[in-house]
Each structure stands twice: as structure tokens, then as C-alpha cells.
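# Examination of the molecular architecture
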Amino acid sequence: MAPNDSTEAETMRQVVYDRFGDSDVLQVVDAPIPEPGAGEVLIRVHGAGLNPIDWKTRLGLGFVASQIENDLPWGPGYDAAGEVVAVAEDVTTLAKGDRVMGMIGFPVTGGACAQYAVARADELAIVPEELDLVTAAGVPLAALTAWQGLFEIARLEPNQKVLIHAGAGGVGHFAVQFALARDAHVIATASAGNRDFLAEFGVHEVIDYKTMDVADECFGLDVVLDLVGGEAGMRSLHTLGASGVLVTIPTVSADEVVSAAEAMGVRAHGMRVRPDVFHLEEIAELIEDGDVRVHIEKVFPMEQVREAHDLLEAGHVRGKLVLDCR
């Protein structure tokens, strides 16, 4: 299928970098519009969500960087939401005009930060009508991380007590809402400035991580979702009940936290998120029903991708940052 069968243009704007480094390596360039292969669709991207893995990979850190270092330039981005404009002949589940979102090209293909992107049809969920497509781009990777950590790995049940670190962040603000929707007792760490934000969701207890120690405040917990890692993860091991479990997300300190748990005789697991359209559809249903809302702190035009990366890398973003790729 030629690109101009589905679009009037033959080129698009896309974020790329040709070397690892600070945000100034990010460029917005003209690139050919990709063509969908077998099992794929072409999306006209409205929004591309940003995640910590984006700036860490850009710096040359972690698994993805090790996989792409010989294939630069590379187009970053995994979270895309937009409109289907072309489908491969073997795709029957989606059609032109469908509003979709998904975690695409994970982990080494990327490419979501662009005006057009190809995605596997089985990675995409239909976006609820109530959600605009730029906002929807904030959902996939962060929400899937929260969902899989809480329900697949930790197996959170109603009435259990769960501690969620960085509860106001991208993954955290989804995690607290998912846990509340599952009727858990939810405790979250956050700065004092985010207490009211979390209270609006219905979080039962907020611990100011700057002035309080979770090991002094919590005990007998069923689940800890550690989105911070390092010392925060290590201290949280002391909060677990006899049958409790800690799930730690940051890969850089996961081995250290899991080893410390083994030495203490408690359970801890690392995890790596993966695309799962069935999970994404369940999340979309919660959004559609009004049980979960997506908080976008700021939307940047694609041309300001450097500023967006700088803000994300500095930390303390409430909810999500999204690039407007229209």
C-alpha cells in the first residue's frame, strides 16, 4: 500500500535522535510515512504519551538503549492515540476511522512520537468516546504498568491494604484509582502539595515522603507497589505483612530490592510492562464508566519535545505529559 493511498502527504514530522545524550539530541525531522505490514494498521497520531523510559533510553541507559545503540537514528515513543487511516489486508478487527490507543513498538521499535505510526492491530484498544485522543495518549504504558503490577504480579484483592509509592505520578495516579476500584484500602506516598490531588480520587491515607518514613507509618500491608525503587523500596519491605508482596518497577534497583527481600524472608518481584490489549480494554471500560480519570499535567506541541523531556526528567510531574502530534 502506498502512503498516498491513505494520506495526501508522503512525508511526516517525527521525533528522532542520532546519538544518546541530553534533550538537545532530540530533533523533529521530515520522514517517510510508514506503511502497515501484515497484521498492522497505520495511525494518524493525535497524541504521544511520554514516560520515564523515554528519557532514560535517550541518555543511553537500560535495556532498550543497549538494543538500539547500533541502529541510530531512532524514533522514540511507545504511547500513541489517534485515528486509523489504513489497514493491512489481513486485519479484520479494526477499520479506517476507528479511534484507537495503544502501547506500540515496544520495546525496540518505538516510533509513537510522530504524525503517523504503524502499530499491530492486536496492540490497540478502542478509545472511549468520552476521551479525546490527545488525553488518551497518556493511558497505555503507565496504566498497563499499574494494572499488571497490582493485579497480575501482586494479585491485589478487595479489602487488602496497599501502599503505592509516588501516587500522584504517571503510573501512580492510575494505580491508586485501580486499587480503589478494586475496593482496596489505599495508602500513597506523595509530596504535601499532592495531598489534595490524591484525596480527590479517594485515597485513604497520604504519607508525605519528605517528612515521614513508611517503615514507621505502615505495617502488615498486603501489597506495596514501589514506583520509586532504591532506598524507598528497601524501606518498604519492613511494611509487609507475613503474606504480603512488594512489586518494584524501576529496573535499576530491582535486583537489590528483591535480594534484600529474600534476606528478610519476605516476597518481592520486579516486573517489566508488556502490551496487552485485553488489559487495555478493561482499563478503557473503567475510564468509560467514570471510575478512572486520566490526568494530563501538560500538553506540548511536538516541536517542543526537548522541553517536555526536560520537565519529565526533572521528576515530580503530576499525572502525565503528552505531545500533541497533529
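Placed above this text is the structure.
Residues numbered from 1 in each chain as written. Predicted model: local features only at pLDDT ≥ 70, side-chain atom pairs only at ≥ 80, totals over all residues. Heavy atoms only, no water.

### Some words on the overall build of the chain
Note the threshold: Every helix listed is a DSSP run of H or I at least four residues long, and every strand listed is a run of E at least two residues long, numbered separately from the N terminus. C-alpha atoms define the radius of gyration, and 2.2 Å times the number of residues to the power 0.38 defines the globule rule. Working definition: with a 1.4 Å probe on protein chains only, accessible area under 20% of the residue-type maximum means buried, over 50% means exposed, and in between means partly exposed. Whether two residues touch is decided by their heavy atoms; if any such pair falls within 4.5 Å, the residues are in contact. Charge assignment: positive for Lys and Arg, negative for Asp and Glu; neither His nor the chain ends contribute. Just so you know, the charge point we use is NZ for Lys, CZ for Arg, CG for Asp and CD for Glu.
Within the chain one finds 11 helices and 15 strands. What you see for the chain is a C-alpha radius of gyration of 20 Å, in line with the 20 Å of a compact globule of 326 residues. Oriented by its inertia axes, the alpha-carbon framework of the chain measures out at about 60 × 40 × 35 Å. Residue burial in the chain is summarised as follows: out of 326 residues, 55% are buried. In the chain, the proportion of contacts linking residues at least 24 apart, taken out of those at least 6 apart, comes to 68%. Distance from the positive charge centre (23 side chains) to the negative charge centre (51 side chains) of the chain: 4 Å.

### Here we look at the state of the cysteines
Stated precisely, the cut-off is as follows: In this description, a disulfide is simply a cysteine sulfur pair whose atoms lie within 2.5 Å.
Inspection of the entire model under this criterion finds 0 disulfides. Of the cysteine sulfurs around Cys 113, a residue in no disulfide, the closest is that of Cys 325, at 5.9 Å. Exposure remark for Cys 113: the relative accessible area of 3% places this residue in the buried category. On the basis of relative accessible area, Cys 325 is assigned to the buried category, the value being 1%.

### Looking at the environment of Met 12
Among the structural elements, Met 12 can be located in strand S1 (residues 11–16). For Met 12, the contacting residues outside a window of four places in its chain are Val 29, Asp 30, Ala 31, Pro 32, Ile 33, Pro 34, Ala 114, Gln 115 and Tyr 116.

### Looking at the nonpolar core
Convention followed: In this text, buried Ala, Val, Leu, Ile, Met, Phe, Trp, Tyr and Cys residues form a nonpolar core when linked through side-chain atoms within 4.5 Å.
Judged by nonpolar contacts, the single largest core of 96 residues is most densely connected at Val 139, Leu 150, Phe 178, Leu 198 and Leu 323. No other element matches helix H4 (residues 140–153), which puts 8 residues into this core. Not counting residues up to four positions away in its chain, the partners in contact with Val 139 are Met 101, Leu 131, Leu 144, Phe 174, Leu 280, Ile 283, Ile 287 and Val 294.

### Describing the side chain of Asp 226
Counted only if it meets this: One speaks of a salt bridge when a side-chain nitrogen belonging to Lys or Arg is within 4 Å of a carboxyl oxygen belonging to Asp or Glu. Polar contacts, as counted here, are pairs of nitrogen or oxygen atoms within 3.5 Å of one another; within protein the pair requires one atom able to donate a hydrogen and one able to accept it, and residues that are adjacent in sequence qualify only if both atoms are side-chain atoms.
Inspection of the secondary structure puts Asp 226 in strand S11 (residues 221–226). It is Lys 56 that comes nearest to the buried, bridge-free Asp 226 among opposite-charge side chains, at 11 Å. In terms of polar contacts, Asp 226 uses its side chain to reach the backbone amide nitrogen of Gly 229, at 2.8 Å. Once you skip the residues sitting within four places of it in the chain, Asp 226 turns out to touch His 165, Gly 233, Leu 246, Val 247, Thr 248, Ile 249 and Pro 250.

### A few points about a negative patch on the surface
Quick note on the threshold: Within the patch definition used here, like charges are joined within 9 Å and nonpolar side chains (Val, Leu, Ile, Met, Phe, Trp, Tyr) within 5 Å, considering only residues with over 30% relative accessible area and no salt bridge. For accessible areas, the Shrake-Rupley method is used with a probe of radius 1.4 Å. Any residue's cover is judged against the shown protein chains and nothing else.
Taken together, the side chains of Glu 129, Glu 130, Glu 281, Glu 282, Glu 285, Glu 288, Asp 289 and Asp 291 make up a negatively charged region of the molecular surface. Locating Glu 288 in the fold gives a position in helix H10 (residues 277–288). The exposure class of Glu 288 is partly exposed, given its relative accessible area of 45%.

Nothing here speaks to function; it is all geometry.
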